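# Fold and contact review
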Amino acid sequence: MDHTLASIGRSKIAVIAHDDILKVVRKSPRLANLFWRESLVDAAVARAWVKVLGGQDVVGRLAHLACELYVRMTVMGLVRENSHPLPLTQVQIGETIGASVVHVNRMLKKLRSDGLLEHKEGRLVILN
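Reference entry: report on the structure contained in this document. (Residues numbered from 1 in each chain as written. Predicted model: local features only at pLDDT ≥ 70, side-chain atom pairs only at ≥ 80, totals over all residues. Heavy atoms only, no water.)

### Some points on the overall build of the chain
To keep things clear, this is the line we draw: Per the convention used, a helix needs a DSSP run of H or I reaching at least four residues, while a strand needs a run of E reaching at least two, with both numbered from the N terminus. This radius of gyration counts C-alpha atoms alone. The globule rule is 2.2 Å times how many residues there are, raised to the power 0.38. Any pair of residues with heavy atoms lying within 4.5 Å of one another is described as a contacting pair. Only the protein chains shown count as cover for residues, with accessible areas throughout obtained via the Shrake-Rupley method and a probe of 1.4 Å.
In terms of helices and strands, the chain carries five helices and three strands. Counting from the amino terminus, helix and strand elements in the chain follow one another as α-α-α-β-α-α-β-β. Taking 14 Å as the expected radius of gyration for a compact globule of 128 residues, we find that the chain reaches 18 Å, considerably beyond that expectation. The principal-axis extent of the C-alpha atoms belonging to the chain is close to 55 × 30 × 25 Å. The long-range fraction of contacts in the chain, counting pairs at least 24 apart against all pairs at least 6 apart in sequence, stands at 50%. Of the roughly 9,700 Å² that the chain leaves accessible, carbon and sulfur atoms contribute 59%.

If you want it as structure tokens, here you go:
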């Protein structure tokens, strides 16, 4: 693989051999289609992030991250009162969007003062 996956909370994982996945997919065209669609979505998200990282300022990258996480958390049923868990530090957010922790701190303050969002107590709150 050319990427990694990391958990930001408690997780359970399972290791499934590639051959076992291939056997199941060959027996189930519906499951094969679902895996195909997932790979298309994953590729689309990756392309969007390449564009965002290369063409947006830090506010734009932070806003993109907030919107993407909001949509993902909504799908998972984790959004409550326009907020969702985000147990990331400013260092981790900076690593995600390609910015220093100082810059992330400034941009979070700007977004908060503009009445758009805030990151507090391990939650991201969408204000507007």
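Let us keep going from here.
### Observations concerning the pairing of strand β2 (residues 117–120)
Selection criterion: At least two bridges found by DSSP between two strands are what make those strands a pair.
Inspection of the sheet shows β2 paired to strand β3 (residues 123–126) by four bridges, in the antiparallel sense. By the bridge assignment, K120 is partnered in β3 with R123. Following β2, the chain reverses through two residues before pairing antiparallel with β3; E121 in that reversal takes a positive phi of roughly 50 degrees.

### Remarks on the sheet that holds β2
Condition: Lines fitted to C-alpha atoms define the axes here, with helix axes fitted over just the stretch in contact, and angles between the N-to-C directions of these axes take values from 0 to 180 degrees.
Taken in spatial order, the three strands of this open sheet run β1-β3-β2, and their pairing is antiparallel. In this open sheet, the two edge strands, each paired with only one partner strand, are β1 (83–85) and β2. On average, adjacent strands in this sheet sit at an angle of 15 degrees to one another, irrespective of strand direction. In this fold helix α3 (residues 58–75) packs onto β1, β2 and β3, with an angle of close to 85 degrees to the strand it touches most, β1.

### Here we look at the side chain of R61
Here is the rule: Under the scheme applied here, a residue whose accessible area is under 20% of the maximum for its type counts as buried, over 50% as exposed, and between as partly exposed, the area being computed with a 1.4 Å probe on protein chains only. His residues and chain termini do not enter the charge count, which takes Lys and Arg as positive and Asp and Glu as negative. Should a side-chain nitrogen of Lys or Arg be within 4 Å of a carboxyl oxygen of Asp or Glu, the pair is scored as a salt bridge.
The topology assignment puts R61 in helix α3. Notably, R61 is buried but unbridged: the nearest opposite-charge side chain belongs to D57, and the N-O separation is 6.7 Å. With sequence-adjacent residues up to four places away left out, R61 is seen in contact with W49, V52, L53, Q56, I97, G98 and A99.

### As for the pattern of salt bridges
Per the stated rule, a full pass over the model turns up three salt bridges. Close ionic contact of K110 with D114 constitutes a salt bridge, the shortest N to O distance being 2.8 Å. By relative accessible area, which is 39% here, K110 ends up partly exposed.

### Looking at the pairing of β3
When β1 meets β3, the two strands line up antiparallel, connected through three bridges. Considered in β3, the bridge of P85 is made with R123.

Everything listed is a geometric property; what it means functionally is a separate question.
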